[in-house]
Amino acid sequence: IDQPMCEEQLDLFKTPNRGFVELGGLKAMGGALKRGMVLSMSIWDDDFGRMLWLDAERAKIDEDPKDPGVRRGPCPFEYGTDEDLQAYVKKYGPVEVTFSKLRVGEIGTTAKHVA
């Protein structure tokens, strides 16, 4: 991964938001990582975004899953409405998450190597 690849990807995927490049791209990200960052995790449960940007066949109604960069996973675009979430809760119980066994440290220092 390098800066030209990131810029080429934006052009190929027809990405209108070029904020990553405009804010300094990989060089700026590297500087931020050197200064240190805070890990933040959350669980989303919303009817509007439905996490489509993360793992759906498309994130917007006018996108074609056959176009480069559109398909991000197998989840159907139609799934994830409030009705779907309520049916899930009725069948399995409340939506919840547990984050556990988190480790912090330099790469290679937080787990024993597996041969």
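Since this is a predicted model, take the numbers as computed values, not measurements.

So, the overall build of the protein chain
- The secondary structure content of the protein chain amounts to five helices and zero strands.
- The linear arrangement of helices and strands in the protein chain, starting from the amino end, is α-α-α-α-α.
- Computed over its C-alpha atoms, the radius of gyration of the protein chain comes to 19 Å, more than 25% above the 13 Å expected for a compact globule of 115 residues.
- Overall, the protein chain is about 45 × 40 × 30 Å in size when its C-alpha atoms are taken along their principal axes.
- Taking all 115 residues of the protein chain together, 14% fall into the buried category.
- Of the contacts made within the protein chain by residues no fewer than 6 positions apart, 31% connect residues no fewer than 24 positions apart.
- Carbon and sulfur atoms make up 58% of the accessible area of the protein chain, which totals about 10100 Å².

Section: helix α1 (residues 3–12)
- Among the residues of α1, the N-terminal cap falls to D2, whose side-chain oxygen and the backbone nitrogen of M5 are separated by 2.9 Å.
- K14 lies just past α1 and shows a positive phi near 55°.

With respect to the packing of aromatic side chains
- Under the criterion given, the structure shown has one aromatic pair.
- Ring geometry for Y88 versus Y92: centroids 4.7 Å apart, planes at 40°, classification tilted. Taken as a pair, Y88 and Y92 lie in helix α5 (residues 82–92) at a separation of four residues, close to a single helical turn.
- The ring of F77 has R58 lying over it, and the distance from NZ or CZ to the ring centre is 4.2 Å.

Quick word on the layout of surface pockets
- Here the largest pocket is characterised by a volume of approximately 440 Å³.
- Lining the largest pocket are 18 residues; nearest its centre among them are W44, R50, M51, Y79 and L85.
- Taken as a whole, the second largest pocket encloses approximately 360 Å³ of empty space.
- Together, 15 residues line the second largest pocket, and F13, K14, P16, E63 and V70 are the ones closest to its centre.

Description of the confidence of the model for the protein chain
- Across the protein chain, the average pLDDT comes to 86, with 97% of residues at 70 or higher.
- Ranking the elements of the protein chain by mean pLDDT puts helix α4 (residues 52–55) last, at 84, and helix α3 (residues 25–35) first, at 92.

Quick word on the pattern of salt bridges
- Applying the stated criterion across every chain, the model contains one salt bridge.
- A salt bridge links E78 to R58; its shortest N-O distance comes to 3.6 Å. Linking E78 in the loop between α4 and α5 with R58 in the loop between α4 and α5, this pair joins segments that are 20 residues apart in sequence.
- Owing to a relative accessible area of 14%, R58 belongs among the buried residues under this scheme.

Conventions adopted
Residues numbered from 1 in each chain as written. Predicted model: local features only at pLDDT ≥ 70, side-chain atom pairs only at ≥ 80, totals over all residues. Heavy atoms only, no water. Helix = DSSP H or I, 4+ residues; strand = E, 2+ residues; numbered from the N terminus. Rg over C-alpha atoms; globule rule 2.2 N^0.38 Å. Buried < 20%, exposed > 50% of the residue type's maximum accessible area, 1.4 Å probe, protein only. Contact = heavy atoms within 4.5 Å. Areas by Shrake-Rupley, 256 points an atom, 1.4 Å probe, with all protein chains shown as cover. Polar contact = N/O pair within 3.5 Å; in protein donor to acceptor, adjacent residues only side chain to side chain. Phe/Tyr/Trp six-rings, centres within 6.5 Å; stacked < 30°, edge-to-face > 60°. Lys NZ or Arg CZ within 6 Å of the ring centre and 35° of its normal. 1 Å grid on protein atoms, 1.4 Å probe; cavity = no way out; pocket = protein on both sides within 12 Å on 5 of 7 lines; lining within 4 Å. Points joined across faces, edges and corners; volume = space filled by probe spheres on them. pLDDT = per-residue confidence, 0-100. Salt bridge = Lys/Arg side-chain N within 4 Å of Asp/Glu carboxyl O.

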